[in-house]
Amino acid sequence: MIHSSSATPSLILAPSAFFVFMTAILLVWLRTACAADLPVFAELNASRPAPYAGEAFELTLTLYVADNALDRQVRIADFPADLTQTPFEERAGRPVERDGRTWTTRPYVCRARAATPGELRLAPQLDGRLVRVQRTWFFNQTFALPIRIPLRAPLALSVRPLPVERRPDDFSGAVGRFSMHAVAEPSEVAVGDLITVR
């Protein structure tokens, strides 16, 4: 316990109270420092800026992180209801130079589709945690500070309607690039023999 030697009433802090007191001071300091120079930002890009309605395209969310300060868990929310997408998968990152600073990229990729034609604005909300180790007089304390990761700019998509010209009468709405593979068996036959095509 800490005792004051002055004649005024003593200020006595139990160890747990002192720890809470120091933690609160450090959290205020960390919030101020991070707000002034946040070591992370994000960019969002699409493989096709003008996809057709229903066509699959890739969305790439890239986090730029300095000093490896960002926790691996990032929550992504607030995509438009008209957009459907697969879960984001992390890809290999690399160091880059931006704005006179060295950053480590963390790309996350998903497949997305827009259901209806029109202008679509993507500005997802990104929530993460900054992990900091603060040295004090007595110990090193690790803090996980919740932050809102800033997106450099919203992503605007111009979703096009499907062409009407030369559309088959039995068109089912499938859009994209397709590949087919066929195999015929047996490969050696006589004239008039039956074969199986898969």
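Above this text is the structure in question.
**Quick word on the pattern of salt bridges**
And then number 1: Taken as a whole and judged by the stated rule, the model has 8 salt bridges.
And then number 2: A salt bridge links Arg129 to Asp71, with the nearest nitrogen and oxygen atoms 3.7 Å apart. Of this pair, Arg129 sits in strand E9 (residues 125-135) while Asp71 sits in the loop between strand E2 (57-65) and strand E3 (75-77); the two residues are 58 residues apart in sequence, bridging distant segments of the chain.
And then number 3: The shortest N-O distance in the salt bridge between Arg75 and Asp127 comes to 2.8 Å.

**Details of a nonpolar patch on the surface**
And then number 1: A cluster of nonpolar side chains, Val189, Ile195 and Val197, forms an exposed patch at the surface whose accessible area comes to about 260 Å².
And then number 2: Positionally, Ile195 belongs in the loop between strand E12 (184-185) and strand E13 (196-197).

**Let's talk about unusual backbone geometry**
And then number 1: With omega at -5°, the peptide bond leading from Glu185 into Pro186 counts as cis.
And then number 2: Residue placement: Pro186 occurs in the loop between E12 and E13.
And then number 3: A positive phi is found at Asp78, a non-glycine position, where the angle reads about 70°.
And then number 4: Tracing the sequence through the fold places Asp78 in the loop between E3 and strand E4 (83-85).
And then number 5: Given a relative accessible area of 53%, Asp78 falls into the exposed group.
And then number 6: Phi is positive for Asp99, close to 55°, though the residue is something other than glycine.
And then number 7: Among the structural elements, Asp99 can be located in the loop between strand E6 (95-98) and strand E7 (101-114).

The rules we used
- Residue positions are given per chain, counting from 1 as you read along its sequence in written order.
- Local features are withheld for residues below a pLDDT of 70 in this predicted model, meaning they are given only at 70 or higher, and side-chain atom pairs are given and counted only at 80 or more; totals for whole chains, interfaces and linings count all residues.
- Note that the side-chain values use all heavy atoms of the structure and ignore hydrogens as well as water.
- Counted as salt bridges are all cases of a side-chain nitrogen of Lys or Arg within 4 Å of a carboxyl oxygen of Asp or Glu.
- Strands are runs of DSSP state E lasting at least two residues, helices are runs of H or I lasting at least four, and both sets are numbered from the N terminus onward.
- By definition, no residue in a patch forms a salt bridge, and every one has over 30% relative accessible area; like charges are joined within 9 Å, nonpolar side chains (Val, Leu, Ile, Met, Phe, Trp, Tyr) within 5 Å.
- In this description, accessible areas are obtained by the Shrake-Rupley approach with a 1.4 Å probe, and a residue is regarded as covered only by the protein chains that are shown.
- For every residue, the accessible area obtained with a 1.4 Å probe (protein chains only) is divided by the maximum for its type, and the residue is called buried under 20%, exposed over 50%, and partly exposed between those limits.

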